[in-house]
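Listed below are the residues making up each chain.
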Amino acid sequence: MAETANNPAPARAPEVVTTVTIPEEKGAKLEALPAPAPEAKNIPEEKAIIMTTEKAAPALSINALRAKSLSGILAMISFIVSLPILASVIWLLYMRDYDCENLLRLPRLQTGIGIALLFMFIISTAALFLRPKFPMPGFLLAVVPLLVMLTVGLALLGAYDMESRKILASPRWFKLKVDNPNNWNNIKSCIYDTKICDDLFLKSLTVKSYDFTMKKLSPIESGCCTPPAVCGMKFVNATSWIKGDNGAVNNTVPLDSDCDDENKLLDSDCDTWTNDRNVLCYDCQACKDGFVRTLESKWRKLGLFLVLMSLFLFVSHLFLFLATMWELVVVKENI
């Protein structure tokens, strides 16, 4: 009996050693060895969890990628839309000023608008770099100058009828300056020095009456170098016309307006006209209107450009701001 009690101990010793060393190498617990069935059941569940997470992660990354790509495309569009502003700066700074325009100090205004547009381009580009980290400040940084740009453009177009008298280069400002006798005397002398009427005279020496009436004249040529059409004068050459009986106005020619004041101005232009090439119709209201229309044509185009550019940039920056906010929300959900 003593021998049988002492013999089993050395026979079981290697089994205990093997059961202890094997779990330590595999990093498992001792209690998991006698029950292999539950481990076999747990492995598929863990694999299923891993598979579901692997399928969900790509869905979130695709949304984040779409939002990021959309923001990048809109940022590129905003930059491309702002490039015409840079081109307009070059045009304004290097464009030749119209003759006699410097008498109204408009070249200074032209240079000032060009410099302001250059800053607008820099601000719009800077807002694109601030967008990823500071979307709201970047949006406001671009929008505030755009509103100023829109206001200036509307003023140049004459949208503010009453207030535009004090706004430089607006239609009513032009008329106010031209109606000033001191300003007009200087402008009239400047127009005469440009010899625009002398050039028209040389070009029309061999032109007949019908061909001359079909010729397209500039506002200054038709207003300062020739008498108004309503005067009914007979054509000799571009700067020489014969008045009708007693200088009467030809009522068969339709007027642009039924206003009595305008009719009186036209009548006075007919009386003011003279064939003296030093006088012609430089003192006519038609000459003043022709000068104003010439300047308005240039500054209206600039005003229209400012309005369109401000609207396009505002829309592009607005959509870019919305896309950036969407990108931030998607990235935050993904985290």
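Conventions and cut-offs
Residues numbered from 1 in each chain as written. Predicted model: local features only at pLDDT ≥ 70, side-chain atom pairs only at ≥ 80, totals over all residues. Heavy atoms only, no water. Helix = DSSP H or I, 4+ residues; strand = E, 2+ residues; numbered from the N terminus. Contact = heavy atoms within 4.5 Å. Areas by Shrake-Rupley, 256 points an atom, 1.4 Å probe, with all protein chains shown as cover. Buried < 20%, exposed > 50% of the residue type's maximum accessible area, 1.4 Å probe, protein only. Core = buried A, V, L, I, M, F, W, Y, C linked by side-chain atoms within 4.5 Å. Patch = residues over 30% accessible without salt bridge, like charges linked within 9 Å, V, L, I, M, F, W, Y side chains within 5 Å. Salt bridge = Lys/Arg side-chain N within 4 Å of Asp/Glu carboxyl O. Disulfide = S-S within 2.5 Å. Phe/Tyr/Trp six-rings, centres within 6.5 Å; stacked < 30°, edge-to-face > 60°. Lys NZ or Arg CZ within 6 Å of the ring centre and 35° of its normal.

1. Regarding the overall build of the protein chain
- Within the protein chain, the regular secondary structure consists of twelve helices and two strands.
- For the protein chain, the N- to C-terminal ordering of α and β elements is α-α-α-α-α-α-α-α-α-α-β-β-α-α.
- Of the contacts formed within the protein chain by residues at least 6 apart in sequence, a portion of 71% connects residues at least 24 apart.
- Taken as a whole, the protein chain presents about 21200 Å² of accessible surface, with 64% of it coming from carbon and sulfur.

2. Describing unusual backbone geometry
- For Ala-169, which is not glycine, the phi dihedral falls at a positive 65°.
- Looking at Ala-169, the relative accessible area reads 1%, which means it is buried.
- Backbone geometry at Lys-195 places phi at a positive 60°, although glycine is not the residue there.
- Of note, Lys-195 is situated in the loop between helix H7 (181-193) and helix H8 (196-203).
- Take Lys-195: its relative accessible area is 46%, and that puts it in the partly exposed class.

3. Remarks on the nonpolar core
- Judged by nonpolar contacts, the single largest core of 49 residues is most densely connected at Phe-174, Ile-191 and Phe-291.
- Counting residues per element, the ones that place at least two in this core are helix H3 (36-94), helix H4 (106-130), helix H5 (135-157), helix H6 (171-178), H7, H8, helix H10 (219-225) and helix H12 (285-334).
- For this core, the element with the most residues is H12, which contributes ten residues.
- Filtering out sequence-adjacent residues up to four positions away, Phe-174 remains in contact with Leu-104, Leu-106, Ala-169, Val-292, Leu-295, Glu-296 and Trp-299.
- Leu-74, Ala-75, Leu-320 and Ala-323 belong to the second-largest nonpolar core, a separate cluster that totals five residues.

4. Examining a nonpolar patch on the surface
- Residues Met-76, Phe-79, Ile-80, Leu-83, Leu-86, Ile-90, Leu-93, Tyr-94, Ile-115, Leu-118, Phe-119 and Ile-122 make up a contiguous nonpolar surface patch of roughly 1100 Å² in combined accessible area.
- Taken together, the elements giving at least two residues each to the nonpolar patch come down to H3 and H4.
- Locating Phe-79 in the fold gives a position in helix H3.

5. Quick notes on the state of the cysteines
- Inspection of every chain in the model, using the stated rule, returns five disulfides.
- Two residues, Cys-224 and Cys-287, share a disulfide whose sulfurs are 1.8 Å apart. Taking the torsion about the sulfur-sulfur bond, which here is approximately 90°, the covalent link between Cys-224 and Cys-287 counts as right-handed. Here Cys-224, found in helix H10, pairs with Cys-287, found in helix H12; they are 63 residues apart in sequence, far enough to count as distant.
- Note on Cys-224: relative accessible area 0%, which makes it buried.
- Take Cys-287: its relative accessible area is 0%, and that puts it in the buried class.
- Sequential numbering of the bridged cysteines in the protein chain gives the disulfide pattern 1-2, 3-5, 4-10, 6-7, 8-9.

6. A short note on the pattern of salt bridges
- Inspection of the entire model under this criterion finds five salt bridges.
- Between Asp-283 and Lys-188 there is a salt bridge, and its shortest N-O distance comes to 2.8 Å. Linking Asp-283 in the loop between helix H11 (260-272) and H12 with Lys-188 in helix H7, this pair joins segments that are 95 residues apart in sequence.
- For Asp-283, a relative accessible area of 42% translates into the label partly exposed.
- A salt bridge links Arg-277 to Asp-198; the nearest nitrogen and oxygen atoms lie 3.9 Å apart. Linking Arg-277 in the loop between H11 and H12 with Asp-198 in helix H8, this pair joins segments that are 79 residues apart in sequence.
- For Arg-277, a relative accessible area of 34% gives the class partly exposed.

7. So, the packing of aromatic side chains
- Evaluation of the coordinates by the stated rule reveals eight aromatic pairs.
- Between Tyr-192 and Tyr-282, the aromatic rings sit 6.0 Å apart at their centres with planes inclined by 85°, giving edge-to-face as the arrangement. In this pair, Tyr-192 is assigned in helix H7 and Tyr-282 in the loop between H11 and H12, connecting sequence segments 90 residues apart.
- Tyr-192 sits in the partly exposed class, given a relative accessible area of 32%.
- Through a chain of ring-to-ring contacts, three or more aromatic side chains come together here, namely Phe-212, Phe-235 and Trp-241.
- A cation over an aromatic ring shows up here: Arg-277 above the ring of Phe-201, its NZ or CZ 4.2 Å from the ring centre.

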